[in-house]
Amino acid sequence: MGMDLLSLPYDEIAALVADMGYPAFRAKQLRGWVVKGTPVEEMRNLPRDFREKLIERGCHVTLPRIVRKLISQIDGTVKYLFALSDGQLIESVVMKYKHGNTICVSCQAGCRMGCRFCASTLRGLTRNLAPSEILGQVMAAQNDLGERIANIVMMGIGEPLDNYDNVVRFLHLVNAEDGLNIGYRHISLSTCGVVDGIRKLQKENLPITLSISLHNIDTEERKSLMPITNKWSVEELLAACCDYFAETGRRISFEYTLIAGETDSVSRAEALAKGLKKQLGSMPIHVNLIPLNTVSERDYQKSDSEAVMAFQKTLVARGINATVRRRLGPDINASCGQLRLNGQDEG
Ligand code: SAH
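These notes cover the structure that comes with them. This is a predicted model, so every value here is computed, not measured. (Residues numbered from 1 in each chain as written. Predicted model: local features only at pLDDT ≥ 70, side-chain atom pairs only at ≥ 80, totals over all residues. Heavy atoms only, no water.)

**What about the side chain of Glu 255?**
With respect to the helices and strands, the residue Glu 255 is situated in strand 12 (residues 252-258). On the basis of relative accessibility, which here comes to 4%, the residue Glu 255 falls in the buried class. Sequence-distant contacts of Glu 255, that is, excluding residues within four places in its chain, are made with Met 155, Ser 190, Ser 211, Ile 212, Ser 213, Leu 214, His 215, Asn 288, Ile 290 and Arg 325. (Helix = DSSP H or I, 4+ residues; strand = E, 2+ residues; numbered from the N terminus. Buried < 20%, exposed > 50% of the residue type's maximum accessible area, 1.4 Å probe, protein only. Contact = heavy atoms within 4.5 Å.)

Written out as structure tokens, the structure is:
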């Protein structure tokens, strides 16, 4: 394991350097290399004895290695399969928007949330990613593309609030001025509804955007789609959202996957509008509709475009702001819910 320098904020690097008996300016130099992802052996302006001592202590800077890169011929979306230092494989996706490049990062190898329609959870959870392994996806993609990544969505493999401490550490690191310096307002974090995590996050004072994967407003029905509902009901989830908004003033967006015959009827749209308004009060509501992306192991089907339009219209008519998420990277299985642990595309 050793000491993973890329997971350390500046003050911890400074403490390490002081502990090793080197002057403070060496901490600045070291940090300058670390945030570039440079291996310790290649930190040229550091004295040899200092580098050797770092290596003796097991200090290292490691970026995920690109195993495969797929580029969508349709919209230029790029999907990376990365290997971590222990050989675990994860995926990240870079989407090219007019407002800049957005990366969708993974935060766990696998996932234990068990959502029935999602490919990322099919093999369960292998392990949490370290802060450096989440950050490294952004750095490695940016190096590879030679273009700045301006926005981050934590919507890849894994449940961010199930790897809470490392995710919060990552958020601080990626925001650091001497690091990638990506503003919190350019970062979205999506959760399937880990209520204690939402309540903790509310206290962190990070003006990121929170997204809730709702998919069903009825607690009993949601249980069969998303097992997390057995732990926290929809009512408890929405109450946590209200408190989050009241304390942070940050708008929350709701993701709602349209599954044919499961979640996409007009009467469900009516119930959704009614339930959200009743339970969220005056909070501004935005619903992002995601037509299901098919996963070969599951027999759920996507809603047809008429059903999607009717669902959206029903929400809008009831005063709920609703948009339909554009599907990116359809030819490379890079869309929501299609990222998987082994990187093997469904066939
Ligand atoms: N665990 C977090 C982060 C994953 S985000 C969460 O659940 O929010 C990925 C988004 O894609 C979530 O909203 C998820 O519910 C949605 N999703 C999963 N499988 C999907 C599928 N097959 N089609 C469309 N969206 C899917």
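**Digging into empty space enclosed by the protein**
Inspection of every chain in the model, using the stated rule, returns one cavity of 30 Å³ or more. For the largest cavity, the calculated volume is near 70 Å³. Around the largest cavity, the lining residues are Leu 6, Arg 31, Val 34, Val 35, Leu 135, Met 139, Leu 173, Val 174, Gly 179 and Leu 180. Of all the elements in the fold, those that place two or more residues in the lining of the largest cavity are helix 2 (24-34), helix 4 (131-145) and helix 5 (164-175). For the lining of the largest cavity, the per-class residue count stands at eight nonpolar, one polar and one charged. (1 Å grid on protein atoms, 1.4 Å probe; cavity = no way out; pocket = protein on both sides within 12 Å on 5 of 7 lines; lining within 4 Å. Points joined across faces, edges and corners; volume = space filled by probe spheres on them. Nonpolar A, V, L, I, M, F, W, Y, C, P; charged D, E, K, R; others polar.)

**Focus: the pairing of strand 3 (residues 65-71)**
Inspection of the sheet shows strand 3 paired to strand 4 (residues 78-83) by six bridges, in the antiparallel sense. When the sheet's bridge partners are listed, Arg 68 is paired in strand 4 with Leu 81. (Pairing = 2+ DSSP bridges.)

**Overview of the pattern of salt bridges**
Scanning the model with the defined rule gives 16 salt bridges in all. Of the charged contacts in the structure, one is a salt bridge between Glu 91 and Arg 68, with a shortest N-O distance of 4.0 Å. Residue Glu 91 is found in strand 5 (residues 89-97), and its partner Arg 68 is found in strand 3; the two are separated by 23 residues along the sequence. One salt bridge connects Glu 247 with Lys 203, and the closest N-O pair in it is separated by 3.7 Å. Here the residue Glu 247 occupies a position in helix 8 (residues 234-248), and Lys 203 occupies one in the loop between helix 6 (195-201) and strand 11 (209-213), the gap between them amounting to 44 residues. (Salt bridge = Lys/Arg side-chain N within 4 Å of Asp/Glu carboxyl O.)

**Structural notes on the site of the ligand**
Around the ligand sit 20 residues in total, of which Phe 117, Ser 190, Ser 213, His 215 and Asn 293 are the nearest. Here an oxygen atom of the ligand and a side-chain polar atom of Ser 190 are 2.6 Å apart. Here a nitrogen atom of the ligand sits 2.8 Å away from a polar atom, N or O, in the main chain of Asn 293. In the complex, the protein chains occlude 96% of the 530 Å² of accessible area that the ligand would expose alone. Going through the elements one at a time, strand 10 (187-191) and strand 12 are the ones with two or more residues in the shell around the ligand. Within the shell around the ligand, the residues separate by chemical class into nine nonpolar, nine polar and two charged. (Near = heavy atom within 4 Å. Polar contact = N/O pair within 3.5 Å; in protein donor to acceptor, adjacent residues only side chain to side chain. Areas by Shrake-Rupley, 256 points an atom, 1.4 Å probe, with all protein chains shown as cover.)

**Things to note about the sheet that holds strand 6 (residues 100-104)**
Spatially, ten strands are ordered 3-4-5-6-9-10-11-12-13-14 in an open sheet, and the strand pairing comes out mixed. Of all strands in the sheet, those with a lone pairing partner are strand 3 and strand 14 (321-324), marking the two edges. Within this sheet the neighbouring strands show an average axis-to-axis angle of 25 degrees, counted without direction. Of the pairings in the sheet, the one linking strand 10 to strand 11 comprises four bridges and is parallel in character. (Axes fitted to C-alpha atoms, helices over the stretch in contact; angles between N-to-C directions.)

**Considering the packing of helix 9 (residues 266-280) against helix 10 (residues 305-317)**
Relative to each other, helix 9 and helix 10 sit at 30 degrees, their axes nearing to 9 Å. The angle between the axes of helix 9 and helix 10 places the two elements in the roughly parallel class. As for how helix 9 packs across helix 10, the hand of that crossing is right-handed. Contacts from Val 266, Arg 268, Ala 269, Glu 270, Leu 272 and Ala 273 of helix 9 reach helix 10 at Ala 310, Phe 311, Thr 314 and Leu 315. (Parallel < 35°, antiparallel > 145°, perpendicular 65-115°, else oblique. Left-handed = near helix turned anticlockwise from the far one by under 90°.)

**Concerning helix 5**
A rise of 1.5 Å per residue sets the reference length of helix 5, with its twelve residues, at 16 Å; its end C-alpha atoms lie 17 Å apart and thus fit the reference within 8%. Buried within helix 5 are the following residues: Tyr 164, Val 167, Val 168, Phe 170, Leu 171, Leu 173 and Val 174. Buried residues along helix 5 sit against helix 2, helix 4, strand 9 (149-154), strand 10 and helix 6. (Expected span 1.5 Å × (residues − 1).)

**Quick notes on helix 8**
Along its 15 residues, helix 8 runs 21 Å from first to last C-alpha, staying within 8% of the 21 Å computed at 1.5 Å per residue. Among the residues of helix 8, those classed as buried are Val 234, Leu 237, Leu 238, Ala 240, Cys 241 and Tyr 244. Projected onto a plane normal to the axis of helix 8, the buried residues spread over an arc of 155 degrees and lie on a single side. Of the surrounding secondary structure, the elements contacted by the buried residues of helix 8 are helix 6, strand 11, helix 7 (219-225), strand 12 and helix 9. (Arc of directions from axis to C-beta.)

**Notes on unusual backbone geometry**
Its identity is not glycine, yet His 215 carries a phi of approximately 65 degrees, on the positive side. Take His 215: it is sitting in the loop between strand 11 and helix 7. Judged by its relative accessible area of 4%, His 215 is buried. Not every positive phi belongs to a glycine, and Asn 333 is a case in point at roughly 50 degrees. Within the fold, Asn 333 resides in the segment after strand 14. We classify Asn 333 as buried; its relative accessible area is 15%.

**Concerning the packing of aromatic side chains**
Going through the model one piece at a time under the given rule, you end up with three aromatic pairs. Summarising the aromatic geometry, the rings of Tyr 80 and Phe 82 are spaced 5.4 Å apart at their centres and angled 15 degrees between planes, so their arrangement reads as stacked. For the residue pair Tyr 80 and Phe 82, the accessibility class agrees, reading buried in each case. The ring of Tyr 164 has Lys 200 lying over it, and the distance from NZ or CZ to the ring centre is 4.2 Å. (Phe/Tyr/Trp six-rings, centres within 6.5 Å; stacked < 30°, edge-to-face > 60°. Lys NZ or Arg CZ within 6 Å of the ring centre and 35° of its normal.)

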